[in-house]
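Observations on chain architecture
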Amino acid sequence: MIDRLPFTCPAVNVTITAPMGWRALAEPQLALPFAATRRGRAIIDTGAERSVIRADVCDVLDLPRSETVALRGVSAPGRGPRGRDRLTAIRRAEVTIDGHTFAVDALAADVADDHALMLVGMDIIRLGRLVIDGPRGELRLTFPAAQPRRRPQARAHAPEAISFAVHRTRFG
């Protein structure tokens, strides 16, 4: 994907949805109305080990929660507490970038730019190739084509030929 940088940092188009199993469970059994997807921009952040989805987007999409963790790192000026860790939940989401969908355990937290839905961290970036051309203001984040999964095949071996010779004996 080639993209002009609309922000002061590299960004890509992204679609965020709740995991398919979660959506399937919630509709018939829990009768919960779900916002299907959120489309927008995501900031590429090579300094983030894990991707971050804005907390309000996580809540609107009702992304399932798992454990609570301490959020550490650099935050935008005026966006977070200084000098101490903040607790946040890990949220499961399906993130689509350039036609490739990833199951992501992302942190729910603020993102420095209100126009961005998320930060794409190294958990996703390491699966592809990222090239930034600063003078041209272009970004290329590509992912290899998914290899089709081969089904195990039963291997029938050709029957081994058993050779024998018939000899006439003097008795028969």
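1. Topic: the overall build of the protein chain
Within the protein chain, the secondary structure is distributed over three helices and 10 strands. Mapped in sequence order, the helices and strands of the protein chain form the string β-β-α-β-β-α-β-β-β-β-α-β-β. Evaluated residue by residue, the protein chain yields a buried proportion of 34% over its 172 residues. Contacts in the protein chain between residues far apart in sequence, at least 24 positions, make up 68% of those at least 6 positions apart.

2. Here we look at the pattern of salt bridges
For the structure on display, the rule yields five salt bridges. A salt bridge links D105 to R92; the shortest N-O distance between them is 2.6 Å. Of this pair, D105 sits in strand β7 (residues 100-109) while R92 sits in strand β6 (residues 86-97), and the two are 13 residues apart along the sequence. Among the ionic contacts, a cluster of salt bridges with common partners joins D59, R65 and R91.

3. Here we look at the confidence of the model for the protein chain
Mean pLDDT over the protein chain works out to 76, with 63% of the residues at or above the 70 mark. Here strand β1 (residues 2-4) is the element of the protein chain with the lowest mean pLDDT, 49, and helix α3 (residues 122-125) is the one with the highest, 95. Taken as a whole, residues 163-169 scores under 50 in pLDDT and shows zero contacts with residues more than four places along the chain or in a different chain.

4. Comments concerning the side chain of R41
In this fold, R41 is placed in strand β3 (residues 37-44). One polar contact links R41 to N13, side chain to side chain, over a distance of 2.7 Å.

5. Here's the deal with the nonpolar core
One finds I16, I53, I97 and V120 to be the most contacted residues of the largest nonpolar core, which totals 26 residues. Looking at this core, the elements that each hand over two or more residues are β2 (11-17), β3, α2 (55-60), β6, β7, β8 (116-120), α3 and β10 (138-142). Here this core gets four residues from one element, more than from any other, and that element is β7. V52, V69, A109 and A116 belong to the second largest nonpolar core, which has nine residues in total.

Reading the values: the criteria
All chains use their own residue numbering, which begins from 1 and follows the written sequence. Reporting in this predicted model follows two pLDDT cut-offs: at least 70 for local features of residues, and 80 or more for side-chain atom pairs to be given and counted; totals over whole chains, interfaces and linings ignore these cut-offs and use all residues. Hydrogen atoms and water are omitted, and side-chain values are computed over all heavy atoms in the structure. Going along the chain from the N terminus, every DSSP run of H or I of four or more residues is numbered as a helix, and every run of E of two or more is numbered as a strand. The buried label goes to any residue with under 20% of its type's maximum accessible area, the exposed label to any with over 50%, and the partly exposed label to all in between, with areas taken from a 1.4 Å probe on protein chains only. We call two residues in contact whenever any of their non-hydrogen atoms come within 4.5 Å of each other. What counts as a salt bridge is simple: a side-chain nitrogen of Lys or Arg found within 4 Å of a carboxyl oxygen of Asp or Glu. A score between 0 and 100, pLDDT records how confident the predictor is in each residue. By the criterion applied in these results, polar contacts are pairs of N or O atoms within 3.5 Å in which, for protein atoms, one can donate a hydrogen and the other can accept it, and in which residues neighboring in sequence qualify only through two side-chain atoms. Nine residue types can take part in a nonpolar core, namely buried Ala, Val, Leu, Ile, Met, Phe, Trp, Tyr and Cys, and a core is a set of them joined through side-chain atoms within 4.5 Å.

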